[in-house]
Number of protein chains: 2
Amino acid sequence: MGKINTAAIVGGTHGNEFSGIYLLKKWDQSPELISRKTFSTETLFGNPNGYRDNKRYLDCDLNRQFTEKDLADPQLMNYEQSRAKAINQHLGPKGDPRIDLVIDLHNTTSNMGPTLILLQLDAFNTQLAAYLLEKMSEAIIVVEDQVAMEDHFFLCSIGKQGLIVEIGPQPQSVLRQDVLDWMDEMTQHILDFVDLFNEKSLPELPASFTAYRYHETLKLPMDEAGERIGMVHKSIQDADFTLLKNGDPIFTLFTGEEVCWQGDYEAYPHFINEAAYYDNNLAMSLAKKVEIDVIR
Amino acid sequence: MGKINTAAIVGGTHGNEFSGIYLLKKWDQSPELISRKTFSTETLFGNPNGYRDNKRYLDCDLNRQFTEKDLADPQLMNYEQSRAKAINQHLGPKGDPRIDLVIDLHNTTSNMGPTLILLQLDAFNTQLAAYLLEKMSEAIIVVEDQVAMEDHFFLCSIGKQGLIVEIGPQPQSVLRQDVLDWMDEMTQHILDFVDLFNEKSLPELPASFTAYRYHETLKLPMDEAGERIGMVHKSIQDADFTLLKNGDPIFTLFTGEEVCWQGDYEAYPHFINEAAYYDNNLAMSLAKKVEIDVIR
């Protein structure tokens, strides 16, 4: 990865995640807050009609529409599918994009704190993660590199580099100052890092850092008809990035019965009880804690 | 107030407040859980189409449609206005209802814990509040008796007695076990109380209890065009029912400036930063802490 010349900050990819939407309003009024010496920065409102209707999306999840295959499919015509093509034309096109770095701002109802999600582990991303952890002690690094960038369906995958800033807990359609402040701070650190990376003037970084690598997704308990018959156990509610071991309680059925996790590894749940994942009956993601080498 | 012969438990008056909806499913499968010796109990799903669409409401807030005037107005014809008339026909009619006690189950995104909202302060309600506080140490009593029952627009005002069970914090469209358990427990205590009240076999109750009486509603900071220019200050986020004094910070403008509360009484904020109140730019309710005599 050479120099980053162009960056785009996207807010409101989900219309009811308010932090990014309000930060964009602020930055559009005061662009100097996100401008840096060595590259240009622009902003984009991902799903304005979702925001207008106070919904995550109108027809389908915008942040699942950015595989190369779907972007090239003219039969995908609903609002978010059309919006994805327009965003790809404006910031991309994916594979040979105008924008070098896409930073996509998200909220979660889960207690994930200020989390940065990386989609690949190259020099740029590993140095960024190590830098961020030095600057922001509460920050958490999640790695979702289970598929190649071209097959990723996330909006930020259309940049040469793509990052997801994921801050919670915040209910949908609410603005919490603590969450807004975290998102602002993390974004500022990322922009500072890019400047230093471009100038080859980064401070001394550690040789490695701790991260959480996505491993699998757990579904809520359901009966044969697909009806939910249980919920996330109160003992792991809000316990994102806390160790889950084989035999620990994970769900409570509506009958009162406890369900324990059966697993052969040390798991770190996150996105626990995220509101938006009920559509697909997803209860949480599980990660493995890993030590990642910083690539020079 | 004589004997309670008929009770109705309403869930899902707001379609994205999940605790009541799931408790109704459980109780409809096991009606013995809500049956008591001295009165009959039935359940009602307030806004099933709101739940289907995962929204608080389709056209307007169902829990604001129950004044006698609006119920009698044939020009009010949208989904929730029609649903209100149907519910009034089924449980009411307001003023001379079939149902003696309506218990309406709600969630809030605010950190209000297990709260019981009373609409009037007669023997039944004050004895219930004193009983509940003895049985459930975390319970909070809010009094909203600023208007007479006939002018109240809440669904539960169509019963001879009406109660709102209001439990949080829970994001919209999420089911938290801690919140579900609180709602279940509070409802069971209310049903137990009614049985004892009917049998005139209540235990010894204290002479008075502490409650929070609604006083006023604060709006979010807005500019002249009605655009929000600030948010709830992080120091009072989640601090429902904590003392607010003149000069305490209450809002943070998006410029970073702090706004302090100007008030000449000791206020107890609640419904702080409730998601559903953004429609009307409401930031929180303020109550006064009061000692209420139990009426014999």
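Residues numbered from 1 in each chain as written. Chains lettered and ligands numbered in written order. Predicted model: local features only at pLDDT ≥ 70, side-chain atom pairs only at ≥ 80, totals over all residues. Heavy atoms only, no water.

**A short note on the sheet that holds strand β10 (residues 258-260) of chain A**
Residue and element names in this part refer to chain A. One open sheet holds the three strands; their spatial order is β8-β9-β10, and the pairing between them is antiparallel. Each having just a single partner strand, β8 (230-232) and β10 make up the two edges of the open sheet. Across the sheet, the axes of successive neighbouring strands diverge by a mean angle of 30 degrees, strand direction being ignored. The pairing of β8 with strand β9 (residues 249-253) spans three bridges and is antiparallel. Directly across from V232, in β9, lies its bridge partner F251. (Pairing = 2+ DSSP bridges. Helix = DSSP H or I, 4+ residues; strand = E, 2+ residues; numbered from the N terminus. Axes fitted to C-alpha atoms, helices over the stretch in contact; angles between N-to-C directions.)

**Considerations on the environment of L119 of chain A**
All names here are of chain A. Looking at the secondary structure, you find L119 in the loop between β4 (113-118) and α5 (123-135). Taking C-alpha positions, L119 is 17 Å from I167, a pair spaced 48 residues apart along the chain. The residues touching L119, leaving out its near neighbours within four places in the chain, are E144, D145, M149, H152, F154, C156, S157 and G162. (Contact = heavy atoms within 4.5 Å.)

**Observations regarding the relation of the copies chain A and chain B**
Once turned by 180 degrees and shifted 0.0 Å along the axis, chain A lies on chain B with an RMSD of 0.0 Å. Overall, the copies show the geometry of a two-fold rotation axis. It is P171 of chain A whose C-alpha, among those of chain A, lies nearest the rotation axis, at 2.3 Å. The residues that chain A uses at the interface reappear at the interface of chain B in 100% of cases, marking a shared surface. (Least-squares fit on C-alpha atoms with pLDDT ≥ 70 in both.)

**A word on the domain arrangement of chain A**
Many descriptions give the size of an interface as the accessible area lost when the pieces come together. Residue and element names in this part refer to chain A. The domains assigned to chain A are domain 1 (6-206) and domain 2 (213-293). A C-alpha centroid distance of 26 Å is found between domain 1 and domain 2. The partner domain 2 presents 16 residues to the 20 residues of domain 1 that form the contact. Roughly 1,500 Å² is buried in total at the junction of domain 1 and domain 2, and carbon and sulfur atoms are behind 55% of that figure. (Domains from an automatic or database assignment. Buried area = accessible area lost by both parts, 1.4 Å probe.)

**Points about the pairing of strand β2 (residues 40-45) of chain A**
Residue and element names in this part refer to chain A. Pairing of strand β1 (residues 6-11) with β2 involves six bridges; the strand directions are parallel. Among the inter-strand pairings, A8 is bridged to a residue of β2, identified as E42. Of the crossover connections in this fold, the one passing from β1 over helix α1 (residues 18-29) to the parallel β2 is right-handed. (Right-handed = clockwise from strand over helix to strand, strands pointing away.)

**Let's talk about the UniProt feature "domain: Succinylglutamate desuccinylase/Aspartoacylase catalytic" (unreviewed entry) in chain A**
In the UniProt entry, the feature "domain: Succinylglutamate desuccinylase/Aspartoacylase catalytic" (unreviewed entry) is given for residues 4-193 of chain A. In the segment residues 4-193 of chain A, helix accounts for 34% and strand for 19%; the C-alpha atoms at its two ends are 11 Å apart. (UniProt positions renumbered as here; feature names shortened; annotations may be inferred.)

**Comments concerning the sheet that holds strand β11 (residues 268-270) of chain B**
The pairing of strands in a sheet happens through backbone hydrogen bonds and is either parallel or antiparallel. Residues and elements named next belong to chain B. The sheet built from nine strands is open, its strands ordered β2-β1-β3-β6-β4-β5-β7-β12-β11 with mixed pairing. Where the open sheet ends on each side, the last strands, each with one partner, are β2 (40-45) and β11. Ignoring strand direction, the axes of neighbouring strands in this sheet form an average angle of 30 degrees. Bridge count between strand β4 (residues 113-118) and strand β5 (residues 140-143): four bridges; the pairing is parallel. Its bridge partner being in β5, T115 is matched across the sheet by I140. Along the sheet face, helix α6 (residues 177-198) touches β1 (6-11), β2, β3 (101-107), β4 and β6 (161-168) and points at about 155 degrees away from the line of β6.

**Things to note about α6 of chain B**
Residue and element names in this part refer to chain B. Across its 22 residues, α6 extends 32 Å between first and last C-alpha, which sits within 8% of the 32 Å expected from 1.5 Å per residue. Taking burial as the measure, the 22 residues of α6 include 16 buried ones, the bulk of the element. Two residues or fewer past α6, K200 is found with a positive phi of approximately 50 degrees. (Expected span 1.5 Å × (residues − 1). Buried < 20%, exposed > 50% of the residue type's maximum accessible area, 1.4 Å probe, protein only.)

**Remarks on unusual backbone geometry**
All names here are of chain B. For the peptide bond that leads from G92 to P93, omega is 5 degrees, which places it in the cis range. Take P93: it is sitting in the loop between α4 (79-91) and β3. Positioned with a positive phi, D238 is a non-glycine residue whose angle comes to about 75 degrees. Along the chain, D238 turns up in the loop between β8 (230-232) and β9 (249-253). According to the relative accessible area criterion, D238 is partly exposed, its value standing at 31%.

**Brief notes about the packing of α1 of chain A against helix α6 (residues 177-198) of chain A**
All names here are of chain A. Across the interface, α1 lies against α6 with an axial gap of 10 Å and an inter-helix angle of 60 degrees. Here α1 is positioned oblique relative to α6, judged by the angle of their axes. Considering only the axes of α1 and α6, their crossing is right-handed. Taken together, the residues of α6 that come into contact with α1 (itself represented by S19, G20, Y22, L23, K26 and W27) are V179, L180, M183, D184, T187 and Q188. Broken down by class, the residue content of the contact of α1 with α6 amounts to six nonpolar, four polar and two charged. (Parallel < 35°, antiparallel > 145°, perpendicular 65-115°, else oblique. Left-handed = near helix turned anticlockwise from the far one by under 90°. Nonpolar A, V, L, I, M, F, W, Y, C, P; charged D, E, K, R; others polar.)

**Remarks on the interface of chain A and chain B**
Each side of the interface is counted separately: chain A has 29 residues, and chain B has 29 residues. With both chains or domains summed, chain A and chain B bury close to 2,500 Å², and 54% of this area falls on carbon and sulfur atoms. Three residues, Q177, M231 and F254 of chain A, lead the burial of chain A against chain B; their summed loss comes to 23% of the area buried on that side. Where chain A touches chain B, the interface holds six salt bridges. Of the charged contacts in the structure, one is a salt bridge between E227 of chain B and K25 of chain A, with a shortest N-O distance of 3.6 Å. At the surface where chain A touches chain B, the tally comes to twelve residue pairs in polar contact (both at pLDDT 80 or more). Breaking the side of chain A that touches chain B down by element, the ones donating at least two residues are α1, α6 and β8 of chain A. (Salt bridge = Lys/Arg side-chain N within 4 Å of Asp/Glu carboxyl O. Polar contact = N/O pair within 3.5 Å; in protein donor to acceptor, adjacent residues only side chain to side chain.)

**Thoughts on the UniProt feature "active site" (unreviewed entry) in chain A**
All names here are of chain A. Per the UniProt record, "active site" (unreviewed entry) is found at E166. Residue position: E166 is located in strand β6 (residues 161-168). For E166, a relative accessible area of 7% puts it in the buried group. Within the structure, the side chain of E166 is placed 3.4 Å from the backbone nitrogen of T108, a separation counted as a polar contact.

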